[in-house]
Amino acid sequence: MLPASLDEAVEALAATPGAVPVAGATDLMEAVNAGRLRPAALIGLGRITELRGWRYEDGGTAVLGAGLTHARMDRPDFAALIPALADAARTAGPPQIRNVGTLGGNIATAAPAGDTLPVLTVLEATATLARAGGTREVPISHLLTGLDPLRPGELLTWVRVPLLHAPQVFLKATGRSGPARASASVALVLDPARRAVRCAVGAVAPVPLRPLEAEAWVAGCIDWDARGEEGAALIDPAAAAAFGEYVAGACIPDGALDGPEGAGALAARLRRTVSVLARRALGRALK
Ligand SMILES: Cc1cc2nc3c(=O)[nH]c(=O)nc-3n(C[C@H](O)[C@H](O)[C@H](O)COP(=O)(O)OP(=O)(O)OC[C@H]3O[C@@H](n4cnc5c(N)ncnc54)[C@H](O)[C@@H]3O)c2cc1C
């Protein structure tokens, strides 16, 4: 089925039990080929043009269509709007995947290494879920953690992202050079109005992790009043390094290092990687 509008798509989902929506099919075909998914029917979202764009909303929010492709999010106009999301989209697989893979598919799959997920978590984005006869708004973090999951018959339509007009960074480590899935990633935003730092770590756990204590601690180490003054030291380099360690220790606790030989060494390596990513992300945001 290839509905041409949102209304048609939610009606088709309601009318066809076991039907599954499909956007770029990059994740879906992997699941079908591996025998993990046998959909009774497919509802293609490719003709719903309204889902492929984005718009501003009153109150300083960007409303992103679930059908935005990674390639579209990497374009300069979008990168000026939400730079960290553009950075995540730029690294989400090889070009043939980025040309068709979508924001909605990345969220609905909710893979640990989904690149947009730590960014949406740290930006405290929400999702609009539509079904025949109504919609509901859910924080992306609730969707990912299963606190308020996507239900059968629901379509993810829009993602609302509060625009911060403040530095934001996404950094990703992979096990090899060239496009690959993240072994660890860090999204970090500054919120100078509230003198706050928000950070999310991706790929090291089933869902992005927020090291809340480390965020609060490092916010107190930043000289917020020095921002913009040439040559001003916004943070002591030792505090930035300690922030990296703090974040990494919160996400990969000591117990993980005591695992069986291979697992313990892997956890230690991952912890070092997260520490470096968090320190660098903070440094770039404060530049
Ligand atoms: C070779 C390869 C490399 C990859 N590399 C990366 C990478 O580096 N980083 C990364 O993050 N991802 C990567 N991916 C994963 C994938 O490309 C992304 O997750 C992509 O964003 C999925 O989008 P899609 O439109 O193709 O989703 P689809 O495959 O069409 O759908 C995926 C799932 O989401 C559901 N769905 C899709 N749209 C909606 C909607 N609007 N509402 C409700 N449910 C919906 C579908 O039913 C399905 O269950 C890679 C995949 C491949 C095959």
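Refer to the structure above for everything that follows.
Summary of the structure given here. (Residues numbered from 1 in each chain as written. Predicted model: local features only at pLDDT ≥ 70, side-chain atom pairs only at ≥ 80, totals over all residues. Heavy atoms only, no water.)

1. Quick look at the site of the ligand
Taken together, 33 residues lie near the ligand, and P21, T26, D27, L28 and T102 sit nearest. Within the backbone of A23, a nitrogen or oxygen atom sits 2.8 Å from an oxygen atom of the ligand. Within the side chain of T102, one N or O atom sits 2.6 Å away from an oxygen atom of the ligand. Taken domain by domain, the shell around the ligand gets at least three of its residues from each of domain 1 (50–162) and domain 2 (168–285). (Near = heavy atom within 4 Å. Polar contact = N/O pair within 3.5 Å; in protein donor to acceptor, adjacent residues only side chain to side chain. Domains from an automatic or database assignment.)

2. Brief notes about the pattern of salt bridges
Counted by the stated rule, this structure contains 17 salt bridges. Across the pair R198 and D191 runs a salt bridge whose closest N-O atoms are separated by 3.6 Å. Each member of the pair, R198 together with D191, is buried. Several salt bridges converge on common partners, so that one network encompasses E124, D191, R194, R198, R210 and E215. (Salt bridge = Lys/Arg side-chain N within 4 Å of Asp/Glu carboxyl O. Buried < 20%, exposed > 50% of the residue type's maximum accessible area, 1.4 Å probe, protein only.)

3. Structural notes on the nonpolar core
By size, the foremost hydrophobic cluster in this structure holds 36 residues, and its most contacted members are L64, I82, I107, L120 and V159. Counting residues per element, this core draws most heavily on helix α5 (residues 83–90), which supplies five residues. Domain assignment of the residues forming this core places at least three in each of domain 1 (50–162) and domain 2 (168–285). Ranked by size, the runner-up nonpolar core spans 34 residues in total, among them V197, A214, I222 and V274. (Core = buried A, V, L, I, M, F, W, Y, C linked by side-chain atoms within 4.5 Å. Helix = DSSP H or I, 4+ residues; strand = E, 2+ residues; numbered from the N terminus.)

4. Examining the packing of aromatic side chains
Enumeration according to the criterion identifies three aromatic pairs in this entry. Aromatic side chains W54 and Y56 sit 5.8 Å apart centroid to centroid with 85° between the ring planes, which places their arrangement in the edge-to-face category. Given the relative accessible area of 23%, W54 is considered partly exposed. Between the aromatic rings of W54 and F78, the centroid separation amounts to 6.0 Å while the plane-to-plane angle is 80°, which identifies the pairing as edge-to-face. In this pair, W54 sits in strand β3 (residues 54–57) while F78 sits in helix α4 (residues 76–81), placing the two residues 24 residues apart along the sequence. By the ring-pair criterion, three or more aromatic residues cluster together here, those being W54, Y56 and F78. (Phe/Tyr/Trp six-rings, centres within 6.5 Å; stacked < 30°, edge-to-face > 60°.)

5. Overview of the sheet that holds strand β5 (residues 126–131)
Read from one edge of the open sheet, five strands run β3-β4-β7-β5-β6, paired in antiparallel fashion. Bordering the open sheet on either side are β3 and β6 (134–139), each of which pairs with just one other strand. Within this sheet the neighbouring strands show an average axis-to-axis angle of 25°, counted without direction. Sheet analysis places β5 next to strand β7 (residues 155–162), joined by five bridges and oriented antiparallel. Following the sheet pairing, A127 is matched in β7 by V159. Sitting on the sheet, helix α1 (residues 6–15) is in contact with β5 and β7, with an inclination near 130° to β7. (Pairing = 2+ DSSP bridges. Axes fitted to C-alpha atoms, helices over the stretch in contact; angles between N-to-C directions. Contact = heavy atoms within 4.5 Å.)

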